[in-house]
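These are the residues of each chain, in order.
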Amino acid sequence: MIFIPPAALLSLGRIVGFWLPVVSSARVDLVLIGVLGAVVTLASSRDIFANSALAAFVAASSIGMLVAIGYSRVRAVRATIGLLALSAPLTFAWFLFFSASAPVRVTNYVSGDGNATASERSIASRGARLAQRPRTVVLAVFDELPAHMLTNPQLRVDATRFPGFADFAEHSTWYRYASTVADETIYAVPAIISGRMPKQQTVAPIAAAYPDNLFDRLEKARYRLLVQEPVTLLCRNRACESEAVPGIGTLALDTAIVAGHVVLPNSIVRRYLPSIDQSYARFAEVPKSSARQQFAAWRSLADPDVAYKGRFLRALQFLERARATLRAYRGDAFIFVHIPLPHAPWEYLPDGSQYRLDPIDVPGLIGDTWISNASYPRAGRLRALYQLAAADLILTRLLGVLRETGRFDGALMAVTADHGAAYLPGANRRSITLTNFTDIASVPLLIKYPRQRRSRVSRAPARTIDVAPTLLAATGAPHDDLDGTPLQKVPQRLQVRVLASRARRFVVKAFNAFRREEDRRLRSWGRILGGGGWQRAVLATAPAALSTVVRSKTRIRRLTSCNVAVLDALWRRTSGRANRSTRTGTPPTRPSSGRRRRAETVGIVNLRFSGRCGGLQWIALAAGRRVLGAYPTYRFLESTHASLVVYGVSGPQASDGMRLMALLADGSVVELPAPDALVRGFRNEGR
């Protein structure tokens, strides 16, 4: 505003004088001085002519003409205007160093060793100066993730399967007994963002229903918002969805809009110009959407085919855009990403490759309730574990982005989940009851405070609605009116309350009972499924009889009355660097959390059987004396089906002596004829 417009006007006068000799440059300059006089008059008389734009323009034009005439004929006027030119650089210096905006400047981003630091000046807020607030605030929310799924037998985050979570846990505080406040995403995520308990009535997850939430308050605290919301619409500004740094065209348009707000009469501003109090950039793009418009936009977004389609790739693309933004943008930033993993449908393997098990994607589920046969929830739990490892890749990439941009050490970062999931026979997978209370209510909550470098474990009764107050307190934003409490001063809570969204009521359990049950879940999960890599997980979910018979030297009866009618197999080669974290400028932690993984073969095998196969309960693929994969059979359209995920084995080695085993209803193990296509596919495509 100070340098570019005057330079452009001066150049315009010289160009006109060059191409039109009849019109001298002095005459053009005289016209421009008159226009500038009219503009100054407009800006000064906005309150006088607040309701009459015509009167404002007439008065400004008259004074502009008087200024031009005075400049050409009166030496004192010319000298005064010449002296006023000094006000431009003086105003610029005052704005940078002495105005209320001066403390916002952040300096010394790069230290002597080339890594960015978080040394920053205090931020003026309500007359106080808030020192050392975090330059970067990050909130990552996963979906359908019970806390115990992350643990190993030592009750630590399993670094062999989840190096990203383990890496983050080494620098954060784990609130071991954290709980959600709702069992459904459209209530649980808004509770995290708003810091308020959900209501017992239907509320759409849109900004109009949750005003003054975390996004609004951090934006007012001058944080740049980088947001990805695949299921909710709580950020009311389109700036939340625009991760790219504004270009020169956007800067010019925004500057013109701000100038219009400063100069033009209020009647014109209200009618024709977009608001500038909803964001700090792209004013022309910020819609003043009504609650009805927000609800309509959310309804189109909430379609599962939209919200969950390509979710893994979309999260990685968002992080790449965030990386580009943080490299170019040196100010304060808030990153929010909701990752709808390991939420069903289960379709991702630990290396991020995608698969589907047809014709029934989740055998053993009637609606959202598991059947009483324990085999199906055990198999579903294993597939959710695979998908959680894929989600770990996203967290690993997020940590890499923060490290590469020099923001990790000084960042305030929270990792949690909206709610858990149950894998209990006869229980509902996602609607909370007293039977599955701990599985649904328990969520991981890990907070990395600025410059925290050691892991800690807290036994405080934390809730997900405490996340927003914790982030706001660190940034100096108001938070006392929220239902949650900053995690540094969590009060003693005697109960855990979770909204059963479909029943519209709260399910309550004593905190001590919840804590004891969560301890049992942690120990049981760690003992059965924790640690040891994916082969141990496969064997842990399969019946012990299968592994015992396969390893034994006893002769196994061959079942010839049941044959494989249809075989559909897909083989993928995993990447050895799938779970590798980028550690630019930081020393390595434990080798297990960042080591390079050996590339392995993953197979997805769908089988349909024909003949007398009514007694089949489990199908296993074995090579030699080793079970490679096992899954319970299911009935579909009067046929018996089985779907296997074979992970972590070399194709050429396993193809020698490959066998197809089956566990019958009477507990006996038999061998089925293995199709030649299965053996050939494993040998050739598994390479």
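That block above? That's the structure.
In every chain, residue numbers begin from 1 and rise along the written sequence. Where local features are concerned, this predicted model is filtered to residues with pLDDT of at least 70; where side-chain atom pairs are given and counted, the filter is 80 or more; whole-chain, interface and lining totals use all residues. To get the side-chain values, take all heavy atoms of the structure and skip hydrogens and water.

This part takes up the sheet that holds strand β4 (residues 173-175). Two pairing modes exist for strands in a sheet, parallel and antiparallel, and in both the strands are linked by backbone hydrogen bonds. Only when DSSP finds a minimum of two bridges between them are two strands counted as paired. For helices the rule is a DSSP run of H or I covering at least 4 residues; for strands it is a run of E covering at least 2, with both sets numbered from the N terminus onward. In space, the seven strands of this open sheet follow the order β5-β6-β3-β9-β10-β4-β11, with mixed pairing throughout. If you trace the sheet from one side to the other, it starts and ends with β5 (224-228) and β11 (456-458), each paired once. With direction set aside, neighbouring strand axes in the sheet form an average angle of 15°. The pairing of strand β3 (residues 136-142) with strand β6 (residues 333-338) spans six bridges and is parallel. Following the sheet pairing, V141 is matched in β6 by H338. Contacts from helix α13 (residues 311-328) reach β5 and β6, with the element oriented near 165° to β5. Axis lines are fitted through C-alpha atoms, for helices just across the contact stretch, and the angle between N-to-C directions can take any value from 0 to 180 degrees. In what follows, a contact means two residues having at least one pair of non-hydrogen atoms within 4.5 Å.

Turning next to the packing of α13 against helix α14 (residues 375-404). The relative placement of two packed helices is expressed as an angle between their axes plus a distance between the axes. Viewed as axis vectors pointing N to C, α13 and α14 meet at an angle of 5°, and their least axial separation amounts to 9 Å. In terms of axis orientation, α13 runs roughly parallel to α14. Listed contacts from α14 to R311, F312, A315, L316, L319, E320, R323, L326 and R327 of α13 are Q387, A390, L393, I394, R397, L398, V401 and E404. Throughout this entry, Asp, Glu, Lys and Arg are counted as charged residues, while Ala, Val, Leu, Ile, Met, Phe, Trp, Tyr, Cys and Pro are counted as nonpolar. The remaining residues, Gly among them, count as polar. Of the residues assigned to the contact of α13 with α14, the class counts are 10 nonpolar, one polar and six charged. Every angle not falling under 35 degrees, over 145, or within 65 to 115 is termed oblique; those three ranges are roughly parallel, roughly antiparallel and roughly perpendicular.

Two cysteine sulfurs form what is called a disulfide whenever their separation falls within 2.5 Å. Counting across every chain of the model gives one disulfide. One disulfide in the model links C562 with C613; its S-S distance is 1.9 Å. Across the S-S bond of C562 and C613 the torsion is about 110°, and the bridge reads as right-handed. Of the two residues, C562 sits in strand β14 (residues 562-573) while C613 sits in the loop between β15 (601-611) and β16 (616-623), which places them 51 residues apart along the sequence. In this pair, the class of C562 matches that of C613, namely buried. Burial status follows relative accessibility: with a 1.4 Å probe on protein chains alone, a residue under 20% of its type maximum counts as buried, one over 50% as exposed, and anything between as partly exposed.

What follows concerns the packing of aromatic side chains. Stacked, edge-to-face and tilted are the three classes for Phe, Tyr and Trp ring pairs, Trp counted by its six-membered ring, which pair at centre distances within 6.5 Å; planes under 30 degrees apart are stacked, over 60 edge-to-face, the rest tilted. The full count for this structure, using the stated rule, is 10 aromatic pairs. On the numbers, 6.2 Å between centres and 40° between planes, the contact of W370 with Y423 is tilted. Taken together, the residues span a long stretch of sequence, with W370 in strand β8 (residues 369-370) and Y423 in the loop between β9 (412-417) and α15 (437-441) at a distance of 53 residues. Taking relative accessible area as the criterion, Y423 reaches 8% and is therefore assigned buried. On the basis of an interplanar angle of 85° and a centroid distance of 6.3 Å, the ring pair of F437 and F514 is categorised as edge-to-face. With a gap of 77 residues between them, F437 in helix α15 and F514 in helix α17 (residues 511-528) connect regions that are remote in the sequence. We note that F437, like F514, is buried.

For the rest of this paragraph, the subject is the sheet that holds strand β20 (residues 658-664). Strand order across the open sheet formed by four strands is β17-β16-β20-β21, with antiparallel pairing between neighbours. This sheet does not close on itself; its edge strands, each paired only once, are β17 (626-632) and β21 (669-672). Averaged over all pairs of adjacent strands, the angle between strand axes in this sheet comes to 30°, irrespective of strand direction. Along the sheet face, helix α18 (residues 533-541) touches β16 and β17 and points at about 50° away from the line of β17. Helix α19 (residues 544-551) contacts β16, β17, β20 and β21 of the sheet and is inclined by roughly 135° relative to β20.

In this section: the nonpolar core. We define the nonpolar core as a collection of buried residues of types Ala, Val, Leu, Ile, Met, Phe, Trp, Tyr and Cys that are connected through side-chain atoms lying within 4.5 Å of one another. Of all hydrophobic cores here, the largest spans 67 residues; its most connected members are F142, F165 and M413. Those elements giving two or more residues to this core turn out to be β3, α6 (163-169), α13, β6, α14, β9, α18 and β15. No other element matches the 16 residues that α14 contributes to this core. Not counting the four nearest positions on each side in its chain, M413 is found in contact with V138, F168, L395, L398, L399, L402, L446, I447 and K448. Within the second largest apolar cluster, 36 residues are counted, among which are V203, F334, L412 and A414.

Another aspect to go through is the pairing of β20. Here is the key point about a regular strand: its side chains alternate between the two faces of the sheet. Among the seven residues of β20, seven are classified as buried, and the element is accordingly described as predominantly covered. Every second residue of β20 is oriented toward a common face, with M658, L660, A662 and L664 on one face and R659, M661 and L663 on the other, all of them buried. The pairing of β16 with β20 spans seven bridges and is classified as antiparallel. By the bridge assignment for β20, L616 is matched with L664.

Another aspect to go through is the pattern of salt bridges. Here a salt bridge means any side-chain nitrogen of Lys or Arg lying within 4 Å of a carboxyl oxygen belonging to Asp or Glu. Per the counting criterion, the structure on display carries 21 salt bridges. With a closest N to O distance of 2.5 Å, R133 and D332 form a salt bridge. In this pair, R133 sits in the loop between β2 (128-130) and β3 while D332 sits in the loop between α13 and β6, placing the two residues 199 residues apart along the sequence. Linking R453 and D409 is a salt bridge whose minimum nitrogen-to-oxygen distance equals 2.8 Å. Taken together, the residues span a long stretch of sequence, with R453 in the loop between β10 (445-448) and β11 and D409 in the loop between α14 and β9 at a distance of 44 residues. On the accessibility criterion, R453 (54% relative accessible area) is exposed. Here the residues in one salt-bridge network are R196, D212, R217, K220 and D481, joined through shared partners.

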